[in-house]
Amino acid sequence: MTSTKAGSAICGCDNPDDCTHRIDITLGDKTMSYQQFLFPYQLDYVIDKPEKDKVSQVPVTLNSVSKGCISNNSDCPIGNLFDEKNQPIAQFSPKKSYTGNLIYSKKTDAFSVIDNSPIVLLRRFLERDFYSHTEKESYYVRVDECAGKPLVDKTINIPESIRRMTLGNKTILGTNIHLYLNEKQEINVTLGAAEEIEKFTDEQRRQQQKEVNKQNGLRHRGSHGWRRNTNPYEVRNSLTITGEITAEKGAETRSWSKELEFEFKKGTKKLGPIDSAIDGIGKINSMLAFGHDQSKFRVVNLDLIYPAINIRGSYELSHSDKYKLFYKFNADITATPLIGLELRADVLQIFAAYFKLDKIVADIREAGETFEQEVKKDKNGAFYGVQLDLILSGDLSVMFGWESDDKGEWSFKKDTVLEAGFGIRAETNIRGGVRYYAVYGYFDASAQISAKVNVALESTEKSMELVFYHDGIKASASVKYGASIKPGKDDDEWEVPIGNEDEPIEKDWIFQEPLPKEKSTYRISLE
């Protein structure tokens, strides 16, 4: 920088202010200086944790250096320090610097149960939500020059006090000083999503259907439709947490360990990794059912391998050497598995519709419900072992994390690990028929399925997704069916076979066309 001779009213282009050579602002042990160039409009400072019974504060020194006032005023340039209510609290000039402390005086309920339970802290950590819950206390530094005129003294009357300040006619510097309490967090917890599955007996399902029929004004139908319209299980979430969360803010430090389970059960359960696991199960189910009548794709059983998700990480509020606020944080998340399951879906009606057997299958199942007791007594009714289940089983484990740099910018870590394998098979017992007075029908079929659901990881610096896709789900099927009638109700002989197949039909059953990774919409976010 070029500075003109002290006392000169003529300034070089590199030092354009009339009277000011330099303004120094020292916070803690670092100094920033104004020297005829743009100065930050705000300075952020994170106060160190205070000693016991001490207030949170930072030492400050304010100093102005004149290059020679054009009015020969020894107090020019004149500076003032204001509090958050814009009240003057200190003054400095070339004759006298100011040295004191900036105090963080706001009260904080940093660890109130309502606002900052450990589960709320954990949720914010997983969402990287560090920005919206920091509170600052602000001070303002203003420096004026005389502009060739006398400085102006002002008196401000405030309750129980009279404050005086001196201002110039030209403001050359104005900057805010924002103070923040120290904040730190340490996370080391393990989450579990133990899905409790209650299985219902046939009698319980009949009672459920009776209630539904009754509510729909169909009391006369009793439990009719219970096989088709009720599920053999109900899933309830039972989420668990173990480990420790430690948080520090200002002079306060608190750790939660034994209390975690209690806080978790009474508070929100919306946590990213758990949501991803549950979302993943839904995505797999939707992918398998895609393109089929939802009423014909019925999940009849779901066995889960309970997720075990370890979250280890830390967070700290900090400022740079240039007094810029930033957030230092990192996390490592290991899910072994994130998703593990055996999903069994009844796809017989889909299979039957593909081979144009849906009517006879529906009749058999309907007769089986209506005449179940008669069948057991070898009377008219249905006989069947009608089952075609599509079974997907496997698990998905993933290890990933994120970290920030010294500017507060974050990205996913590059050492992400993904291990997955979901196999698909079929379990068949498709033999059945209906015998009801004058009509006799039957079918006999088998289906062999071998397929795999693949999982890929797609990521950028700011996003990470698991993508489900497959190379197609196809079955090698064999079907034989037929029907006969009696001329009269009391006749003993069956006559005139209808649609009888002496040889079974052998053909492929395309349950799902290939779903390329690039076209898959079945994705779950790990953000």
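The structure this text deals with has already been given above.
This structure is a prediction, so every number in the text was calculated from the model and none was measured. (Residues numbered from 1 in each chain as written. Predicted model: local features only at pLDDT ≥ 70, side-chain atom pairs only at ≥ 80, totals over all residues. Heavy atoms only, no water.)

Trainee: Got a minute to help me understand unusual backbone geometry in this structure?
Mentor: Outside of glycine, negative phi angles account for most residues, and trans bonds account for most peptide bonds. The residue after Cys76, namely Pro77, is reached through a cis peptide bond having omega 5°. Its location among the elements puts Pro77 in the loop between strand 4 (57-66) and strand 5 (78-82). In this model, Thr336 is joined to Pro337 through a cis peptide bond whose omega is 0°. Note that Pro337 resides in strand 17 (residues 325-346). Its identity is not glycine, yet Ala147 carries a phi of approximately 60°, on the positive side. Relative to the elements of secondary structure, Ala147 occurs in the loop between strand 8 (136-145) and strand 9 (152-158). (Helix = DSSP H or I, 4+ residues; strand = E, 2+ residues; numbered from the N terminus.)

Trainee: Explain the nonpolar core to me, please; I cannot follow it from the model alone.
Mentor: As a rule of thumb, nonpolar side chains are buried together in soluble globular proteins. Leu338, Phe468 and Trp509 are the most contacted members of the largest nonpolar core, which totals 75 residues. Per-element tally for this core: the top contributor is strand 17, with 10 residues. One finds Ile23, Leu62, Val143 and Ile177 within the second-largest nonpolar core, a separate group that totals 26 residues. (Core = buried A, V, L, I, M, F, W, Y, C linked by side-chain atoms within 4.5 Å. Buried < 20%, exposed > 50% of the residue type's maximum accessible area, 1.4 Å probe, protein only.)

Trainee: Help me understand helix 1 (residues 118-126), please; the structure alone is not making it clear to me.
Mentor: Side chains of residues three or four places apart in an α-helix project in the same direction, reflecting 3.6 residues per turn. Of all nine residues in helix 1, eight are buried, a share of seventy percent or more. Regarding helix 1, the residues found buried are Pro118, Ile119, Val120, Leu121, Leu122, Arg124, Phe125 and Leu126. One or two positions beyond helix 1, positive phi appears at Arg128, with a value near 55°.

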